[in-house]
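Chains, contacts and geometry: an overview
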Amino acid sequence: MRVAVISESFLPTISGVTTSVCKVLDELRRLGHDALVIAPSGAPAEYAGFPVHTVPALSYRQFPVGLPNPRVLKLLADFGPDVLHAASPFLLGAQGIAAARRLGVPSVAVFQTDVAGYARRNHLGQATRLAWRFVKWVHDGADLTLVPSEASMAALGRVGVPRLARWTRGVDLAGYHPNHRRHPLAVALRDRLAPNGEVVIGYVGRIAPEKQVERLRALRGVPGISIALVGDGPSTPLVARALAGLPVTWLGRLAGEELAHAYAAFDVFVHAGTEETFGQTLQEAHAAGLPVVAPRAGGPIDLVEHGVDGFLFTPDDDHDLRRHVAALVADGPLRHRMGEAGRRAVLGRSWENVCATLFDHYGTVIDEGLSRRAETLVPLAQRR
């Protein structure tokens, strides 16, 4: 199978989109398929042995935004893919889907970024409606749109996006594991974060407006806690001011084993943002054996079973956020039970399993495309 991947985010930018694209490419390589990647400028020349072609990009909130480019059509035509995978399509992805349709190549669009949600959060009014119209226009062109959660499925269905199917994300079950708590580097980090036995409240992700990390100020006055923040981004100054005086350690951007050790040093994982289409870090926290506290909104609704492997707090209710975190801080056995339940919940979500489902979706749109072409050829043959 030959797969063209066009992604709005790729290395060196670290994001949920980048992570999932890299995992898909890893699995394509492992199974012997061929692939090509088109991404914004700044990306490496190859990944997993596959060529990466870049197009010019603008910078927006420290993210490169790929711009439509005439090379996209030629790259796809020269590669001759069986299917196009458009990861979180925006401007570049929209062009890729249109080019694939022109070439008769079926496309799968993966919805991962709530663009309309960002417009709504910033009180842009009419822009929110325009954002949804743009999302619908982009995804209308795809043969199939994959959504990560029931909330995303409902939102896209309301605006009339056709041909929807669920596709979750995988998680590294070996890289994130409760046993890593005994690793010397994780023990050393924990000693640094909690020198007096504090309960470590951890967050992993961008420090950006949509993540609402500043809401952790609601934990002010909760006794016996230490807050650890992994990540960076444009909201760092705002969050630093909001959390001034709280016991916060800024760990910066981490990846690989360093990130795994950070999860292993946490006791509770908290995510405050209400605009997650999925919530990959919640899965990683569960894989590491941590209870999760997250808003009852978007992707977390599908990932956290309230009262079993964590708590879902009322969106935008800081008191409710504080109440659930405080309950876990005060009850070690509860943290342990919920952490074990979280680990069990993700055991079937290895990237191998999740990518197998994705490749089945590829096969479906490829087969449907072949059927459509066959139906077109029959009348032509009859006319001759």
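For the structure, see preceding data.
Residues numbered from 1 in each chain as written. Predicted model: local features only at pLDDT ≥ 70, side-chain atom pairs only at ≥ 80, totals over all residues. Heavy atoms only, no water.

Side note on the overall build of the chain
So the rule is basically this: Helix numbering and strand numbering both begin at the N terminus, where a helix is a DSSP run of H or I of at least 4 residues and a strand a DSSP run of E of at least 2. Between the two quantities, the radius of gyration covers C-alpha atoms and the globule rule is 2.2 Å times the number of residues to the power 0.38. Only protein chains enter the accessibility calculation, which uses a 1.4 Å probe. A residue is then buried if its area is under 20% of the maximum for its type, exposed if over 50%, and partly exposed in between. Residues count as neighbours in contact if any of their non-hydrogen atoms are within 4.5 Å of one another.
Counting secondary structure elements, the chain contains 14 helices and 16 strands. For the chain, whose C-alpha radius of gyration is 22 Å, the value lies close to the compact-globule estimate of 21 Å for 384 residues. In terms of overall dimensions, the chain has C-alpha extents of about 85 × 45 × 35 Å along its principal axes. Residues classed as buried in the chain amount to 53% of the 384 residues present. Taking the intrachain contacts of the chain between residues at least 6 apart in sequence as the baseline, contacts between residues at least 24 apart amount to 64%.

Some details on unusual backbone geometry
L11 connects to P12 through a cis peptide bond whose omega is 10 degrees. Counting through the fold element by element, P12 comes out in the loop between β1 (2-7) and α1 (16-30). The phi dihedral of D316 falls on the positive side, at around 65 degrees, and the residue is not glycine. Here D316 lies in the loop between β16 (310-313) and α12 (318-330). The class for D316 is exposed, based on a relative accessible area of 58%.

Re the pairing of strand β4 (residues 50-55)
For clarity, the cut-off: Pairing between two strands is assigned when DSSP locates at least 2 bridges connecting them.
Across four bridges, the pairing between strand β2 (residues 34-40) and β4 is parallel. From the neighbouring strand, I38 faces β4, where its bridge partner is H53. Note: strand β3 (residues 46-47) against β4, two bridges, orientation antiparallel. Along β4, the bridge assignment pairs E46 with P51. Hairpin connection of β3 to β4: two residues between the antiparallel strands, including A48 at a positive phi of 55 degrees.

Here we look at the environment of L328
With respect to the secondary-structure elements, L328 resides in helix α12. For the pair L328 and V268, spaced 60 residues apart in the sequence, the C-alpha separation amounts to 7.5 Å. Residue contacts for L328: discarding those within four places in its chain leaves V268, P291, V293, F311, L334, R335 and M338.

Considerations on helix α13 (residues 332-345)
How we decide: One less than the number of residues in a helix, times 1.5 Å, gives the span that helix is expected to have. Polar contact is the term for a pair of N or O atoms within 3.5 Å; when the atoms are in protein, one must be able to donate a hydrogen and the other to accept it, and sequence-neighboring residues count only if both atoms are side-chain atoms.
Over its 14 residues, α13 extends 20 Å from the first C-alpha to the last, a length consistent with the 20 Å expected when each residue adds 1.5 Å. Within α13 the residues assigned to the buried category are L334, R335, M338, G339, A341, G342 and R343. Tucked into the core, α13 has its buried residues touching β11 (199-204), β14 (268-270), α10 (280-287), β16 and α12. Here α13 starts with a cap whose side-chain oxygen sits 3.1 Å from the backbone nitrogen of L334, and that cap is D331.

Details of the sheet that holds β11
Convention followed: Each axis is a line fitted through C-alpha atoms, and for a helix only the stretch in contact is used; angles between axes span 0 to 180 degrees, taken between their N-to-C directions.
Across the sheet, which stays open at both edges, the six strands sit in the order β13-β12-β11-β14-β15-β16 with parallel pairing between neighbours. Both edges of this open sheet fall to β13 (248-252) and β16, since each of them pairs with a single strand only. Along the sheet, successive strands turn relative to each other by an average axial angle of 20 degrees, direction set aside. Where β14 lies against strand β15 (residues 292-295), two bridges are found, and the strand directions are parallel. Bridged to F269 within β15 is V292. Helix α7 (residues 184-193) contacts β11, β12 (225-230) and β13 of the sheet and is inclined by roughly 145 degrees relative to β13.

Let's talk about the environment of P291
Here P291 shows up in the loop between α10 and β15. Linking P291 and L328, residues 37 residues apart in sequence, is a C-alpha distance of 8.3 Å.

Considerations on the pattern of salt bridges
Any two side chains of opposite charge can pair, given that their charged atoms come close. The cut-off we apply is this: In what follows, salt bridge is the name for a side-chain nitrogen of Lys or Arg lying within 4 Å of a carboxyl oxygen of Asp or Glu.
Under the definition given, this model contains 15 salt bridges. Note that D302 is salt-bridged to R166, the shortest N-O span being 3.9 Å. Of this pair, D302 sits in helix α11 (residues 300-303) while R166 is found in strand β10 (residues 164-166), placing the two residues 136 residues apart along the sequence. Looking at D302, the relative accessible area reads 29%, which means it is partly exposed. Via salt bridges that share partners, E27, R30 and E352 belong to a single interconnected network.

Let's talk about the side chain of E284
As a reminder of what qualifies: By the counting rule applied here, Lys and Arg register as positive and Asp and Glu as negative, while His and the ends of each chain are not counted.
For E284, the position within the fold is in helix α10. Nearest to the buried, unbridged E284 among oppositely charged side chains is K23, at 8.1 Å. Residues in contact with E284, not counting those within four places in the same chain, are V171, Y176, L259 and Y263.

Structural notes on the pairing of strand β9 (residues 144-147)
Side-chain alternation along β9 places L144 and L146 on one buried face and T145 and V147 on a second face that is also buried. Bridge count between strand β8 (residues 107-110) and β9: three bridges; the pairing is parallel. Bridging from a neighbouring strand, V108 pairs with L144 of β9. Here three bridges tie β9 to β10, and the two strands are oriented parallel to one another. From the neighbouring strand, T145 faces β10, where its bridge partner is L164.

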